[in-house]
There are 2 protein chains.
Amino acid sequence: MPKIVNHEERREHLAEAVWRIIRREGLEGVSVRSVAEEAGMSLGSLRHYFDSQSALLAFSMRLVAERIKKRIQSLPQDGDPREHIETLIGQIVPLDEERLAESQIWMAFSTFALTEPDLRPLSREIHDSLRDVFRKIFETLDQSQLLKPGLDSELEAKRFHALVDGLVVHGVIASEVISAEEIAGIIERHLDSLLEP
Amino acid sequence: MPKIVNHEERREHLAEAVWRIIRREGLEGVSVRSVAEEAGMSLGSLRHYFDSQSALLAFSMRLVAERIKKRIQSLPQDGDPREHIETLIGQIVPLDEERLAESQIWMAFSTFALTEPDLRPLSREIHDSLRDVFRKIFETLDQSQLLKPGLDSELEAKRFHALVDGLVVHGVIASEVISAEEIAGIIERHLDSLLEP
DNA sequence: TGCTTAGCAATACAAGTGTATCAAAAAAAA
DNA sequence: TTTTTTTTGATACACTTGTATTGCTAAGCA
């Protein structure tokens, strides 16, 4: 047998190189050569792990989504429901550098996927799974009677989802103008308007 | 003197070709050659009107922003304030094909501008001018005492702005999943929660 | 009628693109 | 040590990219 190499680890290493290039130069800067160089390996090595550029991109996109997903799923469910929601949203919205990085990558991929048939299904899948997270939040709130009376939980889930993604976009394209505190404040205010005191 | 040609008209013609390519293939598909072909002219002609590709892109980006801006500014100010706000938001959010096209182009440009120093200031300018629109809306509402008591109009302007841009993004990346009626419904609901009955 | 010049078309060029191929290197198994 | 097979690196190929250059065309003024 040849050199022992953790295949999956190498693939993630390459995906992370893709992320760095996206943040620095945008998705236009992601070529197989630039990724190989960024990851410190040769073109041939890269092609050994990914048959094509689009396979590399799809893997990179899926990986960032899975990291966020896992972080959300590993959150403790107990305790105050409102606090749980706030920490959950805190995993999505660009409140710190890591979250900002993920937001930038998500936005780049989402835009790219609009005209890339190979990536569209994956983009939709990510969007839908986040939508389900919001749905579940409001279902639970509704059942626990924590929502203010008369609210349509399905509609509120969509409204909250749009607000959060809007904050993500604003955090990315106007990070110098909107602060983490403001983002957190807007979410606070929104929850105030939805939940029973 | 040579052939009489409306310079500005030609430039807009080229910008519109850029838009069509963005919608069809994304910004990656926008090369000087593809734009020239889409506009039905030669490479040399295009370069006669734009010294460089980035000048072409900047012009195209600015033009779409100005079209939206003009549409908003030409709205009649009289009548019911709430109705005015709804028609104003209706100029931004992808409720029909034309608005969807503009949203796609806006998203592509905004993402591209993140890593393009030439375009970043323009992107920020567009963002800021929309932020000012929202600010003004809530200032006016506040002065007319149409807002529910106890609301921070500055914060509410930011929240509304984020919600609207979130709806734009959702309308673009999940147009098959979210309908125009749903988008309109979410805005209705949001205004209900803000305005005095 | 000739002249000037904006507008246009064609070609060239260096650089970068994704992909394919193929041989060398390295390490476990014989 | 020899064999085997994954991993790696180099090179090549066809193509596209942005830009530059060059000369032709056509229209209005003198």
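The structure displayed is predicted, hence computed values, not measured ones.

Draft legend 1. Spotlight on the domain arrangement of chain A. Residue and element names in this part refer to chain A. Domain assignment breaks chain A into domain 1 (1-51) and domain 2 (62-194). On a C-alpha basis, the centres of domain 1 and domain 2 stand 29 Å from each other. Counting from both sides, the interface comprises seven residues of domain 1 and, opposite them, eleven residues of domain 2. Summing both sides of the interface, domain 1 and domain 2 together bury roughly 880 Å²; the carbon and sulfur share of this comes to 71%. Linking domain 1 with domain 2 are three salt bridges. Glu97 is the salt-bridge partner of Arg23, the closest N and O atoms lying 3.0 Å from each other. On inspection of domain 1 and its partner domain 2, the count reaches four residue pairs in polar contact (both at pLDDT 80 or more). Classifying every residue of the side of domain 1 that touches domain 2 by side-chain character gives four nonpolar, no polar and three charged.

Draft legend 2. A look at the interface of chain A and chain B. Taken residue by residue, the interface counts 44 residues in chain A and 44 residues in chain B. On the chain A side of the interface with chain B, the three residues burying the most area are A:Arg159, A:Ile173 and A:Arg189, jointly 17% of the side's total. Close ionic contact of B:Glu156 with A:Arg189 constitutes a salt bridge, the shortest N to O distance being 2.3 Å. Between chain A and chain B we count 15 residue pairs in polar contact (both at pLDDT 80 or more) in total. When residues of the side of chain A that touches chain B are traced back to their parent elements, those giving at least two are helix H1 (7-25), helix H6 (97-113), helix H7 (120-143), helix H8 (153-173) and helix H9 (180-194) of chain A.

Draft legend 3. Broad picture of the pattern of salt bridges. Counted according to the given criterion, the structure contains 49 salt bridges over all chains. Salt bridges here are not isolated pairs; linked through shared partners, they connect A:Arg120, A:Arg124, A:Asp128, A:Arg131, A:Asp132, A:Arg135, A:Glu154, A:Lys158, B:Glu176 and B:Glu182.

Draft legend 4. Highlighting the relation of the copies chain A and chain B. Take chain A, turn it by 180°, move it 0.0 Å along the axis, and it overlays chain B with an RMSD of 0.0 Å. Taken together, the turn and the small shift mark the pair as related by a two-fold rotation axis.

Draft legend 5. Molecular detail of helix H4 (residues 53-73) of chain B. All names here are of chain B. A rise of 1.5 Å per residue sets the reference length of H4, with its 21 residues, at 30 Å; its end C-alpha atoms lie 30 Å apart and thus fit the reference within 8%. By the burial criterion, the buried members of H4 are Leu56, Leu57, Phe59, Ser60, Met61, Leu63, Val64, Ala65, Ile68, Arg71 and Ile72. Where H4 is buried, its residues contact helix H1 (7-25), helix H2 (32-39), helix H3 (43-49), helix H5 (81-90), helix H6 (97-113) and helix H7 (120-143).

Draft legend 6. Structural context of the side chain of A:Thr111. Summarising the element assignment, A:Thr111 is placed in helix H6. Classification of A:Thr111 by relative accessible area gives buried; the value is 12%. Reaching out from A:Thr111, the side chain makes a polar contact with the side chain of B:Thr111 at a distance of 2.9 Å. Setting aside anything within four residues of it in sequence, one finds A:Thr111 in contact with B:Met107, B:Ala108 and B:Thr111.

Parameters at a glance
Residues numbered from 1 in each chain as written. Chains lettered and ligands numbered in written order. Predicted model: local features only at pLDDT ≥ 70, side-chain atom pairs only at ≥ 80, totals over all residues. Heavy atoms only, no water. Domains from an automatic or database assignment. Contact = heavy atoms within 4.5 Å. Buried area = accessible area lost by both parts, 1.4 Å probe. Salt bridge = Lys/Arg side-chain N within 4 Å of Asp/Glu carboxyl O. Polar contact = N/O pair within 3.5 Å; in protein donor to acceptor, adjacent residues only side chain to side chain. Nonpolar A, V, L, I, M, F, W, Y, C, P; charged D, E, K, R; others polar. Helix = DSSP H or I, 4+ residues; strand = E, 2+ residues; numbered from the N terminus. Least-squares fit on C-alpha atoms with pLDDT ≥ 70 in both. Expected span 1.5 Å × (residues − 1). Buried < 20%, exposed > 50% of the residue type's maximum accessible area, 1.4 Å probe, protein only.

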